[in-house]
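# Report on the structure
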Amino acid sequence: VQLQASGGGSVQAGGSLRLSCEVSGRTLTGYTITWFRQALGKEREFVASLFRGGSSTFYADPVKGRFTISKENAKNTVYLRMDTLKPEDTAVYYCAASACVITSTHRSHLFYDVWGRGTQVTVSS
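Structural notes, computed from the coordinates. Quantities reported herein were computed from a predicted structural model and do not represent experimental measurements.

### Points about the side chain of threonine 32
As for its position among the elements, threonine 32 is in strand S4 (residues 32–38). Separated by 3.2 Å, the side chain of threonine 32 and the backbone nitrogen of arginine 52 make a polar contact. Apart from residues lying up to four places away in sequence, threonine 32 is in contact with Ser49, Leu50, Phe51, Arg52, Ala96, Ala97, Ser98, Val101 and Tyr112.

Below is the structure:
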C-alpha cells in the first residue's frame, strides 16, 4: 500500500484547509488511517484516526471540534478537514496506515509502517 498526502498550504488564523490522503495498492477499508503532524523542533504528534472499517474516529484534544476525519471509499481517500485553524496548528502533516493498530496503540507513530510524504500547513496570525 502507498499513501499520497496533499492539500496543505498557507492560511490566516480562523481559516480552513482540507488535506487528502490517497491510498493506492489496497482498499483503505482494511487499514486504520491516521494523521500526524510535526512542528519544527517538536516530536511527531497524533492528530486524528479513522479506524479500519470506518466506524470509529479519534481526535487529539487540541483539534477536537475543529478537525474532522472522513473517507470516500470510491476514491480510496481519507480527508482531514481543518477549520478554525490556529497558528499552533502550523506543522508538516503526514498520513500513515496500519492494518494492525488497536485503540491502545493507534496514537503512537511507532506502530505505523506506511507513510505518505508530508504536506506543509502554515497558519499565520
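Alright, that's what it looks like, and here's the rest.
### Details of the pattern of salt bridges
Under the definition given, this model contains five salt bridges. Notably, a salt bridge pairs arginine 66 with aspartate 89, separated by 2.7 Å at the nearest N-O pair. Separated by 23 residues along the polypeptide, arginine 66 in the loop between strand S6 (57–59) and strand S7 (67–72) and aspartate 89 in the loop between strand S8 (77–82) and strand S9 (91–98) bring together distant segments of the chain. In this structure, arginine 66 and aspartate 89 share a single accessibility class: buried. Bridged by salt links that share partners, the residues Arg37, Glu45, Arg66 and Asp89 form one connected network.

Basis of the calculations
Residues numbered from 1 in each chain as written. Predicted model: local features only at pLDDT ≥ 70, side-chain atom pairs only at ≥ 80, totals over all residues. Heavy atoms only, no water. Helix = DSSP H or I, 4+ residues; strand = E, 2+ residues; numbered from the N terminus. Polar contact = N/O pair within 3.5 Å; in protein donor to acceptor, adjacent residues only side chain to side chain. Contact = heavy atoms within 4.5 Å. Salt bridge = Lys/Arg side-chain N within 4 Å of Asp/Glu carboxyl O. Buried < 20%, exposed > 50% of the residue type's maximum accessible area, 1.4 Å probe, protein only.

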